[in-house]
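Now for the letters of each chain:
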Amino acid sequence: MNKKGLDEMQLQKRNSIGNQSFVMLLYLLLLDAGLYGFGFRWISYPANVMIILSLCAGIYVIRLIAANAFAGPSVKIQKPVLNVVLIILLVILISASILVIMNNAGFTSSEQIGDMSAPVLFITAAVAILISATTFVIKAKQDKDEE
């Protein structure tokens, strides 16, 4: 992803979307805190903040992609297959190390971590593939539009 290759309009659009997403995150967190103060608890504490943060981040990325302000055009020809394979291997390595650290730290029993290991590896690899594929499609579309 070539973020330096964004033109002025894309930079302005990205900054505008970022500011709007931050304000939306702020208002949703304040609304959640206000409802919590009135005794309304829709989800327990750490999960509610993570859901709101994930929702705002997802909306931010979707709006960037829709506005064509996510990735700049490629400066040079790259090998996307090699990048995808390297990203997948890196994500698998990170998720395996997280599982080992969780197992050694004793946060939960070893049986629970053993049961969680397959879904964690699958989900992290799937997310990495999705991010790589989305970036590849955006780059291909932008390169095609430039030609």
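Residues numbered from 1 in each chain as written. Predicted model: local features only at pLDDT ≥ 70, side-chain atom pairs only at ≥ 80, totals over all residues. Heavy atoms only, no water.

Participant: Please explain the overall build of the chain as it appears in this structure.
Facilitator: Check the secondary structure of the chain and you find 4 helices and 0 strands. Going from the N terminus to the C terminus, the chain shows its helices and strands as α-α-α-α. When burial is assessed residue by residue, the chain has 18% of its 147 residues classed as buried. (Helix = DSSP H or I, 4+ residues; strand = E, 2+ residues; numbered from the N terminus. Buried < 20%, exposed > 50% of the residue type's maximum accessible area, 1.4 Å probe, protein only.)

Participant: Is there a simple way to think about a nonpolar patch on the surface in this case?
Facilitator: Together, Leu31, Leu35, Phe40, Trp42, Ile43 and Ile51 give the surface a local cluster of nonpolar side chains, amounting to about 520 Å² of exposed area. Mapped onto the elements of the fold, Ile43 is located in the loop between α1 (8-37) and α2 (45-66). For Ile43, a relative accessible area of 31% corresponds to the partly exposed category. (Patch = residues over 30% accessible without salt bridge, like charges linked within 9 Å, V, L, I, M, F, W, Y side chains within 5 Å. Areas by Shrake-Rupley, 256 points an atom, 1.4 Å probe, with all protein chains shown as cover. Salt bridge = Lys/Arg side-chain N within 4 Å of Asp/Glu carboxyl O.)

Participant: Sorry, what's going on with the packing of α1 against α2 here?
Facilitator: The relative placement of two packed helices comes down to the angle between their axes together with the axis-to-axis distance. In contact at an axis separation of 10 Å, α1 and α2 are set at 160° when each is read in the N-to-C sense. Taken as axis vectors, α1 and α2 run roughly antiparallel relative to one another. Between α1 and α2 lies a crossing of right-handed hand. Listed contacts from α2 to Arg14, Ile17, Gly18, Gln20, Ser21, Met24, Leu25, Leu28, Leu29 and Asp32 of α1 are Asn48, Val49, Ile52, Leu53, Leu55, Cys56, Ile59, Tyr60, Arg63 and Leu64. Tallied by class, the residues present in the contact of α1 with α2 amount to 13 nonpolar, 4 polar and 3 charged. (Axes fitted to C-alpha atoms, helices over the stretch in contact; angles between N-to-C directions. Parallel < 35°, antiparallel > 145°, perpendicular 65-115°, else oblique. Left-handed = near helix turned anticlockwise from the far one by under 90°. Contact = heavy atoms within 4.5 Å. Nonpolar A, V, L, I, M, F, W, Y, C, P; charged D, E, K, R; others polar.)

Participant: Whenever I open this one, α2 confuses me. Can you help?
Facilitator: The terminal C-alpha atoms of α2 lie 32 Å apart, and with 22 residues this matches the ideal 32 Å at 1.5 Å per residue to within 8%. Buried positions along α2 lie against α1. Two residues or fewer past α2, Asn68 is found with a positive phi of approximately 60°. (Expected span 1.5 Å × (residues − 1).)

Participant: Explanation requested: unusual backbone geometry in the structure shown.
Facilitator: What is expected of a backbone is that most residues other than glycine have negative phi and most peptide bonds are trans. The backbone of Asn68 sits at a positive phi, close to 60°, despite the residue not being glycine. Structurally, Asn68 can be placed in the loop between α2 and α3 (80-105). Take Asn68: its relative accessible area is 26%, and that puts it in the partly exposed class.

Participant: How should the environment of Gln12 be read in this particular structure?
Facilitator: Looking at where Gln12 falls in the secondary structure, it is placed in helix α1. Take Gln12: its relative accessible area is 60%, and that puts it in the exposed class. Expressed as a C-alpha distance, the spacing of Gln12 and Ala69, which sit 57 residues apart in the sequence, is 8.9 Å.

Participant: Which parts of the structure should I look at to understand the confidence of the model for the chain?
Facilitator: Regions with low pLDDT carry predicted coordinates that are not meant to be interpreted in detail. Chain-level statistics for the chain give a pLDDT mean of 77 and a share of 73% at 70 or above. The lowest-confidence element of the chain is helix α4 (residues 110-146), averaging 68 in pLDDT; the highest-confidence one is α1, averaging 92. (pLDDT = per-residue confidence, 0-100.)

Participant: Just checking my understanding: could you explain the environment of Val81 for this structure?
Facilitator: Its place among the elements puts Val81 in helix α3. As for Val81 and Ser132, which are separated by 51 residues in sequence, their C-alpha atoms are 9.5 Å apart.

Participant: Looking at this structure, I do not really get the side chain of Asp32. What am I missing?
Facilitator: Tracing the sequence through the fold places Asp32 in helix α1. Buried charged residue Asp32 carries no salt bridge. Nearest counter-charge: Arg41, at 9.3 Å. When neighbours within four sequence positions are excluded, Asp32 is seen to be in contact with Trp42, Asn48 and Ile52. (Lys, Arg positive; Asp, Glu negative; His and termini not counted.)

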